[in-house]
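Chain residues, written in single-letter form:
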Amino acid sequence: MAVLQLREAIRAAMVEEMERDAGVFLIGEEVAEYNGAYKVSEGMLDRFGADRVLDTPISESGFSGLGVGAAMAGLRPIVEFMTFNFSFVAFDQLVNNAAKIRYMSGGQFSMPIVFRGPNGAAGQLAATHNTAVESLYSYFPGLKVVAPSNPDDAKGLLKSAIRDDDPVIFLESESMYGLKGEVSDARDYMIPLGKARIAREGADVTIVAHQKSYWRAMEAADRLAEAGYDAEVVDPRTIRPLDIETIAASVKKTNRLVVVDESNPFASFSSEVACQIQERAFDWLDAPVMRVTAKDVPAPYAKNLIEYYMPRTEEIVAAAKQVLYAN
């Protein structure tokens, strides 16, 4: 095992896959000469050259379309967005081209492409830079959506995403790029897409949370333990395909569920989990499913307001106590 920052784990996955397969290349704004806006691609230009690490103009629709065409031609592009908020400029390329070409061509074309970059809130960046996009992109059949919460998962999941023959939306977090953790140094280390992780076992309440919210959920589980309640924390890792079986099995054990989600509440990831659990495990539920999400407004700029806007540990504790009838 090696201790790496999240940005280093992502870089390691890209480097290993580019060394393994000459068809893999990285494209995006400032990924080459500047070593990446968040230094994720540091040193990759020197290592692989300007033919495989390509700086682009500020034209998300243009370079996303280039990536889609390259994938259709048999290459495996990695397309970096400086923030996934900017992916909205390329929305047609992602949801009408990348997501649908394999289906509309009757399988004549594969679409082995990864769109990656920071997702969700990163402090005081105002409304147009703070959107969590996982529920939005998971809406479209044909797209796989991945949201790792730690460096080890980031490396193993990204390697799987690069080798996948379908388009993958790989969501990172700007505020987590410096997060350190142990990362497997096993040869060709991969984590399959669509498999959740039981991060903490418990018997009283299930808490489902991903990416930044996962760490708030773990803090909440510690506080609940101090109050005598045993929380189980499930990290879905992949939003689509969703490992609902693992979540349902946990709910059948604990009989209670809280879903933590950085998305705005309406039509969110947490809404989908709540719906699927009531379909699969209604008879095991001893309380309604509770959701803890971002507030239902555009993200504010002021520091005190953005902190209030995001899911907070105390809100998760309160939701868990509510389903435990412990308030």
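## Side note on the packing of helix H1 (residues 6–20) against helix H7 (residues 151–163)
Direction vectors running N to C along H1 and H7 enclose 30°, while the axes themselves pass 8 Å from each other. Relative to H7, H1 is oriented roughly parallel. The two elements H1 and H7 meet at a crossing, and its hand is right-handed. Residues Leu6, Ala9, Ile10, Ala12, Ala13, Met14, Glu16, Glu17 and Arg20 of H1 pack against Pro151, Ala154, Lys155, Leu158, Lys159, Ile162 and Arg163 of H7. Across the contact of H1 with H7, the residue classes break down as 10 nonpolar, no polar and 6 charged.

## A short note on the nonpolar core
Within the largest apolar cluster, 42 residues are counted, with the highest numbers of intra-cluster contacts made by Phe115, Tyr137, Ile169, Ile247 and Ile277. Elements with a minimum of two residues in this core: strand S2 (24–28), helix H3 (60–72), helix H4 (91–98), strand S7 (168–172), helix H9 (244–254), strand S13 (257–261) and helix H10 (269–281). Both of domain 1 (2–183) and domain 2 (197–323) provide at least three residues apiece to this core. If sequence neighbours within four positions are ignored, isoleucine 277 has contacts with Ile244, Ile247, Ala248, Val251, Leu257, Phe282, Leu285 and Val289. Of all hydrophobic cores here, the second largest spans 31 residues; its members include Met14, Met44, Val53 and Ala154.

## Some remarks on the side chain of serine 149
Checked against the element boundaries, serine 149 lands in the loop between strand S6 (144–146) and H7. On the accessibility criterion, serine 149 (0% relative accessible area) is buried. Side-chain polar atoms of serine 149 contact the side chain of arginine 197, separated by 3.4 Å. Once you skip the residues sitting within four places of it in the chain, serine 149 turns out to touch Met176, Leu179, Arg197, Gln211, Tyr214, Trp215 and Asp235.

What counts and what doesn't
Residues numbered from 1 in each chain as written. Predicted model: local features only at pLDDT ≥ 70, side-chain atom pairs only at ≥ 80, totals over all residues. Heavy atoms only, no water. Axes fitted to C-alpha atoms, helices over the stretch in contact; angles between N-to-C directions. Helix = DSSP H or I, 4+ residues; strand = E, 2+ residues; numbered from the N terminus. Parallel < 35°, antiparallel > 145°, perpendicular 65-115°, else oblique. Left-handed = near helix turned anticlockwise from the far one by under 90°. Contact = heavy atoms within 4.5 Å. Nonpolar A, V, L, I, M, F, W, Y, C, P; charged D, E, K, R; others polar. Core = buried A, V, L, I, M, F, W, Y, C linked by side-chain atoms within 4.5 Å. Buried < 20%, exposed > 50% of the residue type's maximum accessible area, 1.4 Å probe, protein only. Domains from an automatic or database assignment. Polar contact = N/O pair within 3.5 Å; in protein donor to acceptor, adjacent residues only side chain to side chain.

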